[in-house]
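Fold and geometry: a report
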Amino acid sequence: KNEVEQSPQNLTAQEGEFITINCSYSVGISALHWLQQHPGGGIVSLFMLSSGKKKHGRLIATINIQEKHSSLHITASHPRDSAVYICASFGNSGGSNYKLTFGKGTLLTVNP
Amino acid sequence: EPEVTQTPSHQVTQMGQEVILRCVPISNHLYFYWYRQILGQKVEFLVSFYNNEISEKSEIFDDQFSVERPDGSNFTLKIRSTKLEDSAMYFCASDRGARQPQHFGDGTRLSIL
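Residues numbered from 1 in each chain as written. Chains lettered and ligands numbered in written order. Predicted model: local features only at pLDDT ≥ 70, side-chain atom pairs only at ≥ 80, totals over all residues. Heavy atoms only, no water.

From N to C terminus, chain A includes zero helices and eleven strands. Across chain A, helices and strands are ordered from the amino to the carboxyl terminus as β-β-β-β-β-β-β-β-β-β-β. A globule of 112 residues ought to have a C-alpha radius of gyration of about 13 Å, and chain A, at 14 Å, matches this closely. Counting only residues that meet the buried cut, chain A has 45% of its 112 residues in that class. (Helix = DSSP H or I, 4+ residues; strand = E, 2+ residues; numbered from the N terminus. Rg over C-alpha atoms; globule rule 2.2 N^0.38 Å. Buried < 20%, exposed > 50% of the residue type's maximum accessible area, 1.4 Å probe, protein only.)

As structure tokens, then:
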């Protein structure tokens, strides 16, 4: 059974700081999702990656398949980045599609 | 950009009643999912659906639950005889195929009284 662990659980930063959120998983996966959940509850997909690195604006996601570890970085953080960041792994369920296994999330608060 | 829509946004129901949560996935997506998130806990997989049948379900998805795609656009989750512990946020998601990003709706907050 795949377990997804995130750290830290809570993170408070000052505007402009560089943020790193870590995610590790216990078994081999085919890909990893980084998601953002705002206080209202809605979930938005940020990245899906299976190797290397992806960048979108101030967000960068990396994954090391051998070490079963991924990181999400936010450069020049801003109060509007405040949200819960969740990593979720795609595991091959043996069926024709893939379910997500979620971490508990990291609550990020960026103060002005 | 097309999005997954869920209705209602909030549903309040008496314990023991049946509820139906509705989702309209993105139109060219093939795989559909329901997840739930109990307050303060992580999101959990309930069920996946492909080609008009369930392709996988979790232990949570027992006989109390059922899913249906009645008309080619809606995807519904029915919960029969609701219990207090069914109170949660329920998310619908869809994607185009294996290893494609899943797109989530905004969720339905279900409150069982």
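With that out of the way, let us pick up the interface of chain B and chain A. Taken together, the 23 residues of chain B in the interface contact 21 residues of chain A. Buried area between chain B and chain A, summed over both chains or domains, comes out near 1,900 Å², and the portion from carbon and sulfur atoms is 57%. Contact with chain A buries surface across chain B, with K42, R99 and F104 of chain B losing the most and accounting together for 31% of the total. At the junction of chain B with chain A, the criterion picks out one salt bridge. Inspection of the region where chain B meets chain A yields four residue pairs in polar contact (both at pLDDT 80 or more). Within the residue set of the side of chain B that touches chain A, elements represented by two or more residues are β4 (31-37), β5 (44-50), β6 (53-57) and β9 (88-95) of chain B. (Contact = heavy atoms within 4.5 Å. Buried area = accessible area lost by both parts, 1.4 Å probe. Salt bridge = Lys/Arg side-chain N within 4 Å of Asp/Glu carboxyl O. Polar contact = N/O pair within 3.5 Å; in protein donor to acceptor, adjacent residues only side chain to side chain.)

Let us look at the sheet that holds strand β8 (residues 69-74) of chain A. Residues and elements named next belong to chain A. Reading across the sheet, the five strands line up as β1-β3-β8-β7-β6 and stay open at both edges, with antiparallel pairing between neighbours. At either margin of the open sheet sits one strand with a lone partner, and together these are β1 (4-7) and β6 (52-56). Taken over all neighbouring pairs, the strand axes of this sheet differ in orientation by 15 degrees on average, direction set aside. Relative to strand β7 (residues 59-64), β6 is paired through five bridges, and the arrangement is antiparallel. Looking at β7, one finds that K54 is bridged to A61. (Pairing = 2+ DSSP bridges. Axes fitted to C-alpha atoms, helices over the stretch in contact; angles between N-to-C directions.)

It is worth spelling out the pattern of salt bridges at this point. Under the criterion given, the structure shown has three salt bridges over all chains. For E44 of chain B, the salt bridge goes to R36 of chain B, with nearest N and O atoms at 3.3 Å.

Here we come to the state of the cysteines. Residues and elements named next belong to chain A. One pass over the structure, following the stated rule, counts two disulfides over all chains. Bridging C23 to C87, the disulfide has an S-S length of 2.0 Å. What sets the handedness of the C23 and C87 disulfide is the S-S torsion sign, and at about 75 degrees it is right-handed. On the criterion of sequence distance, the pair formed by C23 in strand β3 (residues 19-25) and C87 in strand β9 (residues 83-92) is long-range, its members being 64 residues apart. Just as C23 is buried, C87 falls in that class too. (Disulfide = S-S within 2.5 Å.)

Residues and elements named next belong to chain A. Here β8 lies mainly inside the structure; five of its six residues are buried. Alignment of β7 against β8, held across six bridges, turns out to be antiparallel. Opposite T62, over in β8, you have S71 as the bridge partner.

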